[in-house]
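Spelled out, the chains give:
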Amino acid sequence: MLCIDNLWVKFPTSQGLFEAVRGISFSLSHERLGIVGESGSGKSLTGRAILRLIRHPAIVKANYITFHEQNVLDLKEKEMRKIRGRRISMVMQDPKFSLNPVMTIGSQIIEAYRQHNQASYKVAFRNALEMLEAVLIHDPERVMRCYPHEVSGGMGQRIMIAMMLIPNPEVLIADEPTSALDVSVQRQVMKILDNLVTERGMGLILISHDLNLVSEFCDRILIMYAGRIVEVCDAAKLRQASHPYTQGLLNSLPRLSERVPRLTVLQRDINWTEAASVRG
């Protein structure tokens, strides 16, 4: 469905151009693709670049970013709006800053639905309630009347997931979708996303710091370091990854089954930043 070739994202600074994403290439079919790496590795910028959400003065270049063989880089903004949200949705990392503070939760979800569907307010309202229930929000009718400042961070996260899923997109880019949720609710929300991918034939790009979560719910994993893809592996074989950066991330994770006096510190190599990106 989605194919990215040689993507670069650069920002002009007083010291010259800063290369945040450096020549990465990967594709997505009807699967669950995880992108992991440290903060600043370029994961979120990659997701935003696909939807052309990175604005001037940033420089975004690629040989192509195709969605169903259509290069989105060649589309006009009006044409891009028919894809953004309706066919490709993105759950942002900070839900409190993504929700409109002067509109009720219900109004925002209904607007997201009616923006892409010819439906009455009554039908949109019913679909909004069902989607809130699907992301495990109790008493959805009360939540529909709330404003964003009246809900918790975890609830705000689930509301954003509901809002992005209600147009029934073909691809969902989820940027840390469970970061504000406790462990038990994390698994429940991820199972919801997992079921939607299976039932609707969606493609999922899961951006996360949680290696265990990604390995459990994804099919493939891209490991990013300093704007590059350094390794691609099957999620089930993550523990067998060969790149020293991936191994360093895995070794730095605490394990309940193994007591150690001190966690391993990641030893970096300057050559990691110079190596060519791996095609995923």
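Model, not experiment: these values are computed from the prediction.

Undergrad: An account of the sheet that holds strand β11 (residues 228–234) is needed here, citing residue identities and associated values.
TA: A sheet is described by the order of its strands in space; here 6 strands give the open sequence β7-β8-β9-β3-β10-β11, paired in mixed fashion. Edge positions in the sheet fall to β7 (88–91) and β11, since each has one partner strand and no second. When the angles between neighbouring strand axes are averaged without regard to direction, this sheet yields 15°. Where strand β8 (residues 171–175) and strand β9 (residues 203–208) come together, 5 bridges link them in parallel fashion. Bridged to Val 171 within β9 is Gly 203. Those strands touched by helix α7 (residues 153–165) are β7 and β8, and its axis lies near 175° from that of β7.

Undergrad: Lay out helix α1 (residues 43–50) in plain terms, naming residues and giving numbers.
TA: Buried within α1 we find Lys 43, Thr 46, Gly 47, Ala 49 and Ile 50. Down the axis of α1, the sector holding all buried residues measures 160°, keeping them to one side. A positive backbone phi angle near 55° is found at Arg 52, which sits one or two residues after α1.

Undergrad: Kindly report on the environment of Ile 54, identifying the contributing residues and their values.
TA: With respect to the helices, strands and loops of the structure, Ile 54 is situated in the loop between α1 and β4 (59–61). Apart from residues no more than four positions distant in its own chain, Ile 54 is found in contact with Val 9, Phe 11, Leu 45, Arg 48, Ala 49 and Val 60.

Undergrad: Mind laying out the side chain of His 243, listing which residues take part and the relevant values?
TA: With respect to the helices and strands, the residue His 243 is situated in the loop between β11 and α10 (244–251). Not counting the four nearest positions on each side in its chain, His 243 is found in contact with Val 230, Glu 231 and Trp 272.

Undergrad: Before we move on, can you summarise helix α8 (residues 183–200) with the specific residues and values?
TA: Taking 1.5 Å per residue, 18 residues should reach 26 Å; α8 reaches 26 Å between its end C-alpha atoms and fits that length. Every buried residue of α8 is accounted for by Val 185, Gln 186, Val 189, Met 190, Ile 192, Leu 193, Asp 194, Leu 196 and Val 197. Directly after α8, the chain includes Gly 201, whose backbone phi takes a positive value near 70°.

Undergrad: Account for the nonpolar core, with residues named and values stated.
TA: Grouped together as the largest cluster of nonpolar side chains are 59 residues, with contacts concentrated most on Ile 109, Ile 159, Leu 165, Leu 172, Ile 221, Ile 223 and Tyr 245. For this core, the element with the most residues is α7, which contributes 8 residues. Beyond its immediate sequence surroundings of up to four residues, Ile 159 is in contact with Leu 99, Ile 105, Ile 109, Leu 132, Ile 137, Val 143 and Val 151. Membership of the second largest hydrophobic core comes to 32 residues, among which are Leu 7, Ile 50, Ile 205 and Ile 207.

Undergrad: Just give me the short version of unusual backbone geometry, but keep the residues and values in it.
TA: Residue His 56 is joined to Pro 57 through a cis peptide bond whose omega torsion reads 15°. You can see Pro 57 is positioned in the loop between α1 and β4. A positive phi angle, close to 60°, is found at Asn 6, a residue other than glycine. Its identity as a non-glycine residue notwithstanding, Leu 136 has a phi of 65°, on the positive side. Mapped onto the elements, Leu 136 comes out in the loop between α5 (121–134) and α6 (140–144).

Undergrad: Describe the pairing of β11, with residues and values.
TA: In terms of residue burial, β11 counts as a mostly covered element, since 5 of its 7 residues are buried. When strand β10 (residues 220–225) meets β11, the two strands line up antiparallel, connected through 6 bridges. Note on β11: the bridge partner recorded for Met 224 is Ile 229. Once β10 ends, the chain turns through 2 residues before running back antiparallel as β11, passing Ala 226 with a positive phi of about 50°.

Undergrad: Lay out the confidence of the model for the protein with the relevant residues and their values.
TA: Do not read the fine detail of predicted coordinates wherever pLDDT is low. Looking at the protein, the pLDDT average stands at 88 and 98% of residues meet or exceed 70. Mean pLDDT values over the elements of the protein span from 72, in helix α3 (residues 95–98), up to 96, in strand β5 (residues 64–67).

Undergrad: A description of the packing of aromatic side chains should follow, citing residues and the corresponding values.
TA: Following the criterion strictly, the structure yields 2 aromatic pairs and no others. The ring of Trp 8 has Lys 10 lying over it, and the distance from NZ or CZ to the ring centre is 5.2 Å.

Undergrad: How would you explain the packing of helix α4 (residues 105–116) against α5 if you had to name every residue and give the values?
TA: At a minimum axis distance of 9 Å, the contact between α4 and α5 shows a crossing angle of 115°. For the pair α4 and α5, the sense of crossing is right-handed. Together, Ile 109, Ile 110, Tyr 113 and Arg 114 of α4 and Tyr 121, Val 123, Ala 124, Phe 125, Asn 127, Ala 128 and Leu 132 of α5 make up the contact between the two elements. Residue composition of the contact of α4 with α5, grouped by class: 9 nonpolar, 1 polar and 1 charged.

Undergrad: I'd love a proper account of the environment of Arg 32, names of residues and values included.
TA: As for its placement among the helices and strands, Arg 32 is situated in strand β3 (residues 32–36). Setting aside its immediate chain neighbours within four residues, Arg 32 contacts Asp 194, Val 197, Leu 204, Phe 217, Cys 218, Asp 219 and Arg 220.

Rules and cut-offs
- Residues numbered from 1 in each chain as written.
- Predicted model: local features only at pLDDT ≥ 70, side-chain atom pairs only at ≥ 80, totals over all residues.
- Heavy atoms only, no water.
- Pairing = 2+ DSSP bridges.
- Helix = DSSP H or I, 4+ residues; strand = E, 2+ residues; numbered from the N terminus.
- Axes fitted to C-alpha atoms, helices over the stretch in contact; angles between N-to-C directions.
- Contact = heavy atoms within 4.5 Å.
- Buried < 20%, exposed > 50% of the residue type's maximum accessible area, 1.4 Å probe, protein only.
- Arc of directions from axis to C-beta.
- Expected span 1.5 Å × (residues − 1).
- Core = buried A, V, L, I, M, F, W, Y, C linked by side-chain atoms within 4.5 Å.
- pLDDT = per-residue confidence, 0-100.
- Phe/Tyr/Trp six-rings, centres within 6.5 Å; stacked < 30°, edge-to-face > 60°.
- Lys NZ or Arg CZ within 6 Å of the ring centre and 35° of its normal.
- Left-handed = near helix turned anticlockwise from the far one by under 90°.
- Nonpolar A, V, L, I, M, F, W, Y, C, P; charged D, E, K, R; others polar.

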